[in-house]
Amino acid sequence: MAETIIEKVSDDLYLLRVNDERTKYFEALWHIPEGITYNAYMLMAGDKAVLFDTWKHAYADELIQALRKIVDPKNVSHVIVHHMEPDHSGAIARFLELNEFQAEVISHSLSKSMLESFYGIEPKFRAVKDGEEIVIGDKRLRFFH
C-alpha cells in the first residue's frame, strides 16, 4: 500500500498526499527516481466540505480512505477540478460513485465534456469563468484560468 499523508494546513484546510513510488516516469516522459506525489485538498467551509482535485486512478481507494479520516465522502458538497490530467482527476469517478453523485463539480467549461468522455460520468457540473467568485458555505472562492 502506498504511503498516504494527511496534514492539517489550517483550522479548515487539509492536504491529502499519496507518494507514488511505482511510477518512475511522470507522464511516461520524465524520469523521477524518488517517485511522484499526488495532492488533493479538503476545505471545510462551514457546513460544506469542498474537495480540490483527486489522485491518480490507481490510488482511488487510498484517497477514499484518507478522506474518511476527515469527512464522510457522502458529505462532500463540491469538487473543484483544477485541470483534467489524470493525476488530478483520475479518482473522481470512484469518489463520485461513493458520494452518490451528490457533489457539484466545479471547473472550466471544457472539463464537463472531458469528465464525460474520460470517465463515462455525468456529474452535477458548474462551469466557472475566469475571475469568477462563488460562495460555498462560509468561504469565498475566486477562480483563475
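Described in the following lines is the structure provided in the data block. Sequence order sets the numbering: in each chain, residues are counted from 1 along the sequence as written. Per-residue local features of the predicted model are confined to residues with pLDDT of at least 70, and side-chain atom pairs are confined, for both listing and counting, to 80 or more; whole-chain, interface and lining totals are unaffected and use all residues. Side-chain measures here rest on the full set of heavy atoms in the structure, leaving out hydrogens and waters.

## Some points on the sheet that holds strand β8 (residues 104-107)
The criterion, for reference: Pairing between strands is defined by DSSP: at least two bridges between them are needed. Numbering of helices and strands runs from the N terminus, with a helix taken as a DSSP run of H or I at least four residues long and a strand as a DSSP run of E at least two residues long. The convention used is that axes are lines fitted to C-alpha atoms, helices contributing only their stretch in contact, and that angles between N-to-C directions extend from 0 to 180 degrees. Here, two residues are considered to be in contact whenever any of their heavy atoms come within 4.5 Å of each other.
Pairing is mixed across the open sheet formed by 7 strands, whose spatial order is β1-β2-β5-β6-β7-β8-β9. Both edges of this open sheet fall to β1 (3-10) and β9 (124-127), since each of them pairs with a single strand only. Along the sheet, successive strands turn relative to each other by an average axial angle of 20 degrees, direction set aside. Alignment of β8 against β9, held across 4 bridges, turns out to be parallel. Following the sheet pairing, I106 is matched in β9 by R126. Contacts from helix α1 (residues 60-68) reach β1, β2 (13-20), β5 (36-45) and β6 (48-52), with the element oriented near 150 degrees to β2.

## Describing the pattern of salt bridges
Rules: Every case where a carboxyl oxygen of Asp or Glu lies within 4 Å of a side-chain nitrogen of Lys or Arg is listed as a salt bridge. Accessible area is worked out with a 1.4 Å probe on protein chains only. A residue is then buried under 20% of its type maximum, exposed over 50%, and partly exposed in between.
Counting across every chain of the model gives 8 salt bridges. For K139, the salt bridge is made with D12, and the minimal N-O distance between the two is 2.5 Å. Placement of the pair is K139 in strand β11 (residues 139-142) and D12 in the loop between β1 and β2, with a sequence separation of 127 residues. For E116, the salt bridge goes to K112, with nearest N and O atoms at 2.6 Å. Of this pair, E116 and K112 are both found in helix α4 (residues 110-119), 4 residues apart, which corresponds to roughly one turn of the helix. Here E116 falls in the partly exposed class, since its relative accessible area comes to 28%. Overlapping salt bridges bring together D12, D138 and K139 as one network.

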